[in-house]
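Structure at a glance
Take a look at the letters that make up each chain.
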Amino acid sequence: MEFFQNVFSRVSSQVLVSHLEFLVKKEKEILAEILSVLRELDQRDVYIAMGYSSLFDFLVRHLGYTKDQAHRRISAARLDTF
């Protein structure tokens with residue numbers, strides 16, 4: 001993190017904003033892909049074969065999401081569209 005702070009302190013505000021816009025776009029793309037994979041894992045009950053009692057349990061204990069993060073992702077993944 002310190003490396004990025006050092007690099008970011010040397011670029012113009014315009015470059016910094018442009019980079020943030022790029023990252024936000026990537027974040028949205030990655031989140032959509034994560035939700036698609038979660039939906040498929042949920043449909044296949046993959047987490048049960050791995051010894052977890054629920055998708056929620058898998059997200060919290062295996063992937064390290066907080067309870068709130070896990071709940072939001074499961075809710076979004078189970079929507080018809082996201």
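Check the entry above for the structure.
All residue numbers refer to positions counted from 1 along the written sequence of the respective chain. The model is predicted, so local features are restricted to residues of pLDDT at least 70 and side-chain atom pairs to those at 80 or more, both for listing and for counting; the totals for chains, interfaces and linings are taken over all residues. Here the side-chain values reflect all heavy atoms present in the structure, with hydrogen atoms and water set aside.

Attention now moves to the packing of aromatic side chains. Each pair of aromatic rings taken from Phe, Tyr and Trp, with Trp reduced to its six-membered ring, is defined by centres within 6.5 Å and is described as stacked if the planes are under 30 degrees apart, edge-to-face if over 60, and tilted in the remaining cases. On inspection of all chains with the given rule, the structure shows one aromatic pair. Between Tyr52 and Phe58, the ring centres sit 5.5 Å apart and the planes meet at 75 degrees, which makes this aromatic pair edge-to-face. The two residues Tyr52 and Phe58 agree in class, both being buried. Partly exposed describes any residue whose relative accessible area lies between the buried limit of under 20% and the exposed limit of over 50%, with all areas from a 1.4 Å probe on protein chains only and scaled to the type maximum.

Let us look at the nonpolar core. Side-chain atoms within 4.5 Å link the members of a nonpolar core, which is a set of buried Ala, Val, Leu, Ile, Met, Phe, Trp, Tyr and Cys residues. In terms of nonpolar packing, the biggest core is built from 12 residues, these being Leu35, Leu38, Tyr47, Tyr52, Leu55, Phe58, Leu59, Tyr65, Ala70, Ile74, Ala76 and Ala77. Going along the chain from the N terminus, every DSSP run of H or I of four or more residues is numbered as a helix, and every run of E of two or more is numbered as a strand. Counting only elements with at least two residues in this core, the list comes to helix 2 (13-44), helix 4 (55-62) and helix 5 (67-77). Sorting elements by how many residues they give to this core places helix 5 first, with four residues. When checking whether two residues touch, look at their non-hydrogen atoms; a contact exists if any pair is within 4.5 Å. Leu59 has contacts with Leu38, Gly64, Tyr65, Ala70 and Ile74, leaving out every residue within four places of it along the chain.

Mapping Ala77 onto the fold places it in helix 5. With a relative accessible area of 2%, Ala77 lands in the buried category. For the pair Ala77 and Glu40, spaced 37 residues apart in the sequence, the C-alpha separation amounts to 8.9 Å. What Ala77 contacts, discounting residues up to four positions off in sequence, is Leu35, Leu38 and Arg39.

In what follows, salt bridge is the name for a side-chain nitrogen of Lys or Arg lying within 4 Å of a carboxyl oxygen of Asp or Glu. Taken as a whole, this structure holds four salt bridges when the rule is applied. Across the salt bridge formed by Lys26 and Glu29, the nearest N and O atoms sit 3.5 Å from each other. Here Glu29 and Lys26 lie together in helix 2, a separation of three residues that amounts to about one turn. Between Asp57 and Arg61 there is a salt bridge, with its nearest N and O atoms 2.9 Å apart.

This brings us to helix 2. The span one expects for a helix is its residue count, reduced by one, times 1.5 Å. The first and last C-alpha atoms of helix 2 sit 46 Å apart over 32 residues, in line with the 46 Å expected at 1.5 Å per residue. Buried within helix 2 we find Leu35, Leu38 and Asp42. The inward-facing, buried residues of helix 2 contact helix 3 (46-49), helix 4 and helix 5. Just downstream of helix 2 lies Asp45, where phi reads positive at about 55 degrees.

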